[in-house]
Amino acid sequence: LLHAKNSPIPNPNAHIIQRRLSSSSSRVCSSTSQNIVEWISSVTSDPCESRVNIETNAFGVRGLVSQKQLSPGEVIFEIPFRYCFQDDYENESSLSWSARMGMKLLEERAKGEKSERYEKWIESLPVDAPFLPGIAMTEEEIQRLIRYPPCVMNALKDKERHEESKRLLNERLANIGCNEADLDWAAGLMESRCFKQGGVRVTAPGIDLCNHAGDKANCIVRFVSEVPKDNDDLAKKETKMKLQVSPDRFKPIEKGEEITISYGYQSNDIYFSYFGFVPFDNDNDTAVLFESVEDLSEFLKLAGEEIQSDLCRNETTDNLAARILSSTSSSSSSQSFSIAANGKIESNLSKAFDACELNQSQRAIVIQKRCHEILTNGPFVGTTVREDLRIAESEEEEEKHRVCARYRVAKKEIYAFPLKKKR
C-alpha cells in the first residue's frame, strides 16, 4: 500500500486505493505546480479538464479525480505517442532500462524550455524519489529488511545492475550537472511509471498519475492506432495511449470519484520491487515452500513416515526428484514450488504431489509441516507479525521500514494460513 510520506497505513479491512510510491508526494519539481491535465487539453485540443483534474486524496496521494459523471467506455483523454516518453533501448543495451530512461529524463530536464514535448510533464513530476528496493536500499538493508529469499536475491541483482549503470553514466551525469542521486530519482520514477508496449517501455503524461485499485479499478489504458480525424491517409495512422472508463462497468464513474487502473494481477514481489507498495489482501501473492526439486524431494523423503506414504518411504530421493521433474512443465531442477494466498496450492506443486501419489490429507501435512519450519527456523526469525504491524502503521518510521514491514507481514500471512486450518 502506498501513502504520502509519514502518513499512517489505514485499517487493512477498509476499501482503499493502492498507490505506487513514484507519485507519493504532492510536491512537484517546479515551484508552481503545472496542472498536466491543462497541458494535455492544450496539445490535444480536447478540453479534458472538464472530465478530470489532479487532486490529493485523504491519504495525501495525488491522483486523477472525475469532475463530472463519466459513462462506461467513455474516453477520458488520449496522449499521442509523440508526447509519450519512450525507451531508446537500441543504443544503450549495457544499461538497465530504468537507468537508461532515467538518464534520458535528466537530459530532457536539463534542456528546460528547449524540451518542448516534455517540459511541462517533467515540471509535474514529484520531487521525492520513489522507494524501490533495488535502487533505494543498501545491500545490507535489502537482506535485513526484506528477509524473503527470492525477493532478496532479485533486489540484489537489481541493485548490482543499477550501480553498474550509474558507473557507466557518470560522465553524462556530470555533463548536465547531475549526480548519482539524481539518477536514483529518475530511474525510480521510470521503473514505477512505465507501461510496456511491443517490447518498448513507455509512460504518458497524466496517465502516469493513475492509482492502482486491482479488480476494483474503474478505468483501463489502451494503445490504439488511428487515422487523424482531419486526414484520410491510412498510411498516416497515429498511435495513442487512451485512458478510458472500463466498458465492462455496469455504472458510470460519479463526480468526485478517483480514476483508477490495475497494474496487473501479480504477486506482492512485483508490486513491492517495482512500484514500491504492498497491496492488502492480494489473492495473487505467493510464497515459496521449496526452492528446488531437490529441496522438495528431500523433504518428502524425510516426511514419508509421518505422512504414511509408502512411495516416499521406499523410493530414493533421486527417484522422487525424477518423478517430480517429469510432472512439471519446466525441465529445470532449480524451479521453485509455492503456495498462494488463502492456502491455494500452485500448479507445479500440485503436479509434484500428484507424481508422488499424495492424497489430500498427506498434502496438507506436508504444507503445514513446511510452513511451520519456515516460520520458526526460516528467514523471518527475529521478526514478529506484531512488531512488523507496529512498524508498518507507525508515522515515525522511515518509508522503507514501513513498506518492508508490510511486505514481511504479507508473506508471513501466507505461511500462517495452512497452520490456522490445522487448528
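Look up a bit, the structure's there.
Counting starts from 1 at the beginning of each chain's written sequence and moves along it residue by residue. Local features in this predicted model are restricted to residues of pLDDT 70 or higher, and side-chain atom pairs are both shown and tallied only at a pLDDT of 80 or more, whereas totals for entire chains, interfaces and linings draw on every residue. To get the side-chain values, take all heavy atoms of the structure and skip hydrogens and water.

**Brief notes about unusual backbone geometry**
Selection rule: The numbering of helices and of strands both runs from the N terminus, where a helix is a DSSP run of H or I of at least 4 residues and a strand a run of E of at least 2. Note on exposure labels: buried denotes an accessible area under 20% of the residue type's maximum, exposed denotes more than 50%, and partly exposed covers the range between, all computed with a 1.4 Å probe on protein chains only.
In this structure, Gln308 takes a positive phi of about 55° despite not being glycine. Note on placement: Gln308 falls in the loop between α9 (293-303) and α10 (310-314). Classification of Gln308 by relative accessible area gives exposed; the value is 61%.

**Structural notes on the side chain of Lys166**
Our working definition: In protein, a polar contact requires one atom able to donate a hydrogen and another able to accept it; more generally it is a pair of N or O atoms within 3.5 Å, and residues adjacent in sequence count only if both atoms are side-chain atoms. The contact definition used throughout considers only heavy atoms, calling two residues in contact when any of these lie within 4.5 Å.
Here Lys166 shows up in helix α6 (residues 149-175). Using a relative accessible area of 5% as the deciding quantity, one classes Lys166 as buried. Among the polar contacts made by the side chain of Lys166, one reaches the side chain of Asp184 at a distance of 3.2 Å. With residues near it in sequence (within four places) discarded, Lys166 still touches Glu180, Leu183 and Asp184.

**Observations regarding the sheet that holds strand β6 (residues 200-203)**
Quick reminder of the rule: Only strands joined by at least two bridges in the DSSP assignment are considered to pair.
An order of β4-β6-β5 is seen for the three strands of this open sheet, with the pairing classed as antiparallel. Of all the strands in the sheet, just β4 (85-86) and β5 (195-197) have a single pairing partner and so form its edges. Pairing of β4 with β6, which is carried by two bridges, proceeds in the antiparallel orientation. Bridge assignment links Gln86 to a residue of β6, and that residue is Val202.

**Considering the packing of helix α12 (residues 347-355) against helix α13 (residues 360-377)**
Applied cut-off: Note on definitions: angles span 0 to 180 degrees between N-to-C directions of axes, and those axes are lines fitted to C-alpha atoms, for helices only across the stretch in contact. Here the word oblique covers every angle except those under 35 degrees (roughly parallel), over 145 (roughly antiparallel) and from 65 to 115 (roughly perpendicular). By convention, the crossing between two helices is left-handed when the near helix turns anticlockwise from the far helix through less than a right angle, and right-handed when the turn is clockwise. Side-chain classes follow a simple rule in which Ala, Val, Leu, Ile, Met, Phe, Trp, Tyr, Cys and Pro form the nonpolar group, Asp, Glu, Lys and Arg form the charged group, and the remainder, Gly included, forms the polar group.
One way to put it is that α12 packs onto α13 with a least axis distance of 11 Å and a crossing angle of 125°. What the angle tells us is that α12 and α13 run oblique. α12 and α13 meet at a crossing whose hand is right-handed. On the side of α12, the interface is formed by Ser350, Phe353 and Asp354, while α13 contributes Arg363, Val366 and Ile367. Per-class residue counts for the contact of α12 with α13 are three nonpolar, one polar and two charged.

**Topic: the packing of α9 against α13**
For the pair α9 and α13, interaxial distance at closest approach is 11 Å and the crossing angle is 110°. On the basis of the axis angle, α9 is roughly perpendicular to α13. When α9 is examined against α13, the residues Asp295, Phe299, Leu300 and Ala303 are found in contact with a partner set consisting of Val366, Lys369, Arg370 and Glu373.

**Things to note about the sheet that holds strand β9 (residues 238-245)**
Sheet architecture is open: three strands sit in the order β3-β9-β8, paired in antiparallel fashion. At either end of the open sheet lies a strand with only one pairing partner, and these are β3 (75-80) and β8 (219-226). Sheet twist, expressed as the mean angle between neighbouring strand axes with direction ignored, is 25°. Here β8 runs beside β9; their pairing, made up of eight bridges, is antiparallel. When the bridges of β9 are listed, Glu226 appears paired with Glu238.

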